[in-house]
Amino acid sequence: MTRLPLVARFTLIAALIGGCGYYNGMYNANRLAHSARKAERDGRTFEANNLWGQVATKAESVVVRHPTSKYAQEAGVLRGVALARLGQCDQALGAFGRVALDRKPDDLTEDALLATGRCQLALGNIPASEAAFSQLLDSKDRDRRAEAHFQHARLLRQSGRYQEALRALEGIKDPRASSERILALAGAARLPQALALADSLIASRDTTRPWDSLVVLMGQQSPAAASHLLDRMRPLPVRSPEIQARRLVEDGIRLAYTDTARAAGRFREALSIGGKTDPAARASLQLILLDRRHARRVEDLLPAIEALKRVSDQFETVAYQSTRLGATVGGIHAAATSVTWETPRGDLRLFLAAESARDSLQAPALAQGLFRRILDDYPNSSYAAKVVLAVQQLDSTWADSARGLLEGPYLDSPYLAMIRGESSEQYRQLEDSLGAYAATLTAKPPAPAAGPRRKPAVRDDVDEPTRRPPAPGTPGVPEP
């Protein structure tokens, strides 16, 4: 018998050992994946996640150590499936690349498509998700076919195609389908049917349903529907008053822009049952904010300053937030009561106060009044056009007056030049100046209140850009 040279024998042995290595690695990864799927079917989520973590590690080892082997592509796909199961969608999609589309149809390819669809849906890429699920709607595997149909119905609902989602949910026996039907019915403005279905589940004391998640998702579609659902959920057992208070606060926040009276009621109820808990603290803060949204005059801010001090003393969990909000309210009040037409850079001070009233307090009427003071007291301000644009957004009925100002005295403003798409160095300088001035206000306390505010008069001896007297005939300014 012919004997192989020594070097050739070592090469053959190494090849056999290497081949055995990546075969064993792939075998172990597939075995673990099988166990992970079984654990998922049995509802052993924690164990399934642990197994999928091991699958990802084993599969990655095969890819790294044997990148040219015939198992490398399979290992890459399996690793992507495992990562997707663990919720690491960015890494999972990177692991798939185009591999899943290039392979021949088999169980692993379909698992990869299912994982791709789920991840793309989680990331908000509806078209890519639909493309993946559509390839599995006729799968020969019953479980993957059922999951693809459910996920496809879910993406239809998430993309706002509620009627299509309801049709797609017909015949699906998955326990999760009831939640999707409730959401789809609510989205389709069929609120009585949605609440009736929820009532049937609540009557059966179905505590396994993810009720909190269901309320949040419904709230994204319809705050009123979510609030009604929360009322229906009251018969369900709740672990503590703190959880009840948290639900009420979140419901009030959703309602704050559409039903302020109901929102206030939610906050007060949360405060009454929450004791000294964080939800009760948040409810106190939200009640103050809700009340300040209706402020029209600067005098309306004084009660809020005192109320925020009490909240800071009473609730440690929101002390920082309430203190900062109190400083904001105090700054707005100080600007409004101390600035007169003679105040240097008073237009900038009022503008920043008006922005805070609009954005931090969400008090449009108060903000509008402060913005208009700039046009009254500083009609020649370099920021006047910016002010007009801000008031126009707050008051749609002021469109004609705004147009007259923007097409008249403020036509050459750098702000309008930017809107027209023209490059403007002066615009950048104005914005830098505004930002720099805002920084100085946070670095030092507000200036003390000045004397009574006076209306501007025409003065030939004042030449500062922001305080130059208006020309005769300027809108809102009397003739001299």
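Residues numbered from 1 in each chain as written. Predicted model: local features only at pLDDT ≥ 70, side-chain atom pairs only at ≥ 80, totals over all residues. Heavy atoms only, no water.

**Topic: the overall build of the protein**
Applied cut-off: Helix and strand labels come from DSSP, where a helix needs a run of H or I of at least four residues and a strand needs a run of E of at least two; each type is numbered from the N terminus. It only takes one pair of heavy atoms within 4.5 Å for two residues to be counted as in contact. Throughout, the Shrake-Rupley method with a 1.4 Å probe supplies accessible areas, and for residues the shown protein chains are the sole cover considered.
A count of helical and extended segments in the protein gives 24 helices and 0 strands. Put simply, of all contacts in the protein between residues at least 6 apart along the chain, 57% involve residues at least 24 apart. Only carbon and sulfur atoms are counted for the fraction: they give 54% of the accessible area of the protein, which is about 25,700 Å².

**As for the packing of aromatic side chains**
The geometry of an aromatic ring pair is captured by two quantities: the separation of the ring centres and the angle between the planes. Test applied: The rule is short: rings of Phe, Tyr and Trp, with Trp giving its six-membered ring, pair when the centres are within 6.5 Å, and they are stacked under 30 degrees, edge-to-face over 60, tilted in between. Charge over a ring is defined by NZ of Lys or CZ of Arg lying within 6 Å of the ring centre and within 35 degrees of the ring normal.
On inspection of all chains with the given rule, the structure shows 3 aromatic pairs. Aromatic ring contacts, followed pair by pair, group Y383, Y415 and Y427 into a single cluster. Positioned above the aromatic ring of F315, the side-chain terminus of K276 is 5.8 Å from the ring centre. Looking at R293, its charged tip hangs above the ring of Y257, at a distance of 4.5 Å from the centre.

**Re the side chain of K386**
We count it as follows: When accessible area is computed with a 1.4 Å probe and restricted to protein chains, residues below 20% of their type maximum are described as buried, those above 50% as exposed, and intermediate ones as partly exposed. We call two N or O atoms a polar contact when they sit within 3.5 Å, provided that within protein one can donate a hydrogen and the other can accept it, with sequence-adjacent residues counted only if both atoms are side-chain atoms.
Within the element layout of this structure, K386 appears in helix α21 (residues 384-394). Judged by relative accessible area, K386 falls into the buried class, the value being 18%. There is a polar contact of 3.4 Å between the side chain of K386 and the side chain of E431. Discounting chain neighbours no more than four positions away, the residues touching K386 are F351, Y415, E431 and L434.

**Observations concerning the environment of V387**
Structurally, the position occupied by V387 is in helix α21. Overall, the relative accessible area of 0% leaves V387 in the buried class. V387 sits 40 residues away from D347 along the chain, and the two C-alpha atoms are 9.8 Å apart. Setting aside chain neighbours within four positions, we find V387 in contact with F351, F371, I374 and L375.

**Structural notes on unusual backbone geometry**
Phi is mostly negative for residues that are not glycine, and the peptide bonds are mostly trans. Backbone geometry at A189 places phi at a positive 65 degrees, although glycine is not the residue there. Here A189 shows up in the loop between α10 (177-187) and α11 (191-203). Although it is not a glycine, Q362 adopts a positive phi angle of roughly 55 degrees. Take Q362: it is sitting in the loop between α19 (346-359) and α20 (364-377).

**Quick word on the pattern of salt bridges**
Side chains bearing opposite charge may pair, as long as their charged atoms lie close to each other. Selection rule: The term salt bridge refers to a side-chain nitrogen of Lys or Arg lying within 4 Å of a carboxyl oxygen of Asp or Glu.
Under the counting rule described, the total for this entry stands at 32 salt bridges. Across the salt bridge formed by E147 and R176, the nearest N and O atoms sit 2.6 Å from each other. Of the two residues, E147 sits in helix α8 (residues 142-158) while R176 sits in the loop between α9 (162-169) and α10, which places them 29 residues apart along the sequence. Given the relative accessible area of 11%, E147 is considered buried. Put simply, E425 and R428 hold a salt bridge, and the shortest N to O gap is 3.0 Å. Separated by 3 residues within a single helix, E425 and R428 lie in helix α24 (residues 425-443), roughly one turn from each other. Among the charged side chains, a network of salt bridges with common partners joins D231, R234, D251, R254, R262, R266 and E269.

**A look at the confidence of the model for the protein**
Close inspection of predicted coordinates is inappropriate in any region flagged by low pLDDT. Inclusion rule: Each residue carries a pLDDT score, the predictor's own confidence in it, on a scale running from 0 to 100.
Of all residues in the protein, 85% have pLDDT values of 70 or greater, and the mean over the chain is 82. For residues 6-21, every residue scores under 50 in pLDDT, and the model assigns this stretch 5 contacts once sequence neighbours within four places are set aside. Taken as a whole, residues 445-480 scores under 50 in pLDDT and shows 55 contacts with residues more than four places along the chain or in a different chain.

**Topic: the nonpolar core**
Grouped burial of nonpolar side chains is what soluble globular proteins tend to show. Using the following cut-off: Working definition of a nonpolar core: buried Ala, Val, Leu, Ile, Met, Phe, Trp, Tyr and Cys residues. They are joined through side-chain atoms within 4.5 Å.
Grouped together as the largest cluster of nonpolar side chains are 54 residues, with contacts concentrated most on L301, L366, L370, F371, L375 and V388. For this core, the element with the most residues is α19, which contributes 7 residues. Each residue touching L366, except ones within four places of it in the same chain, is listed here: A295, R296, R297, V298, L301, I332 and A357. Judged by nonpolar contacts, the second largest core, of 44 residues, contains F133, A225, L229 and A245.

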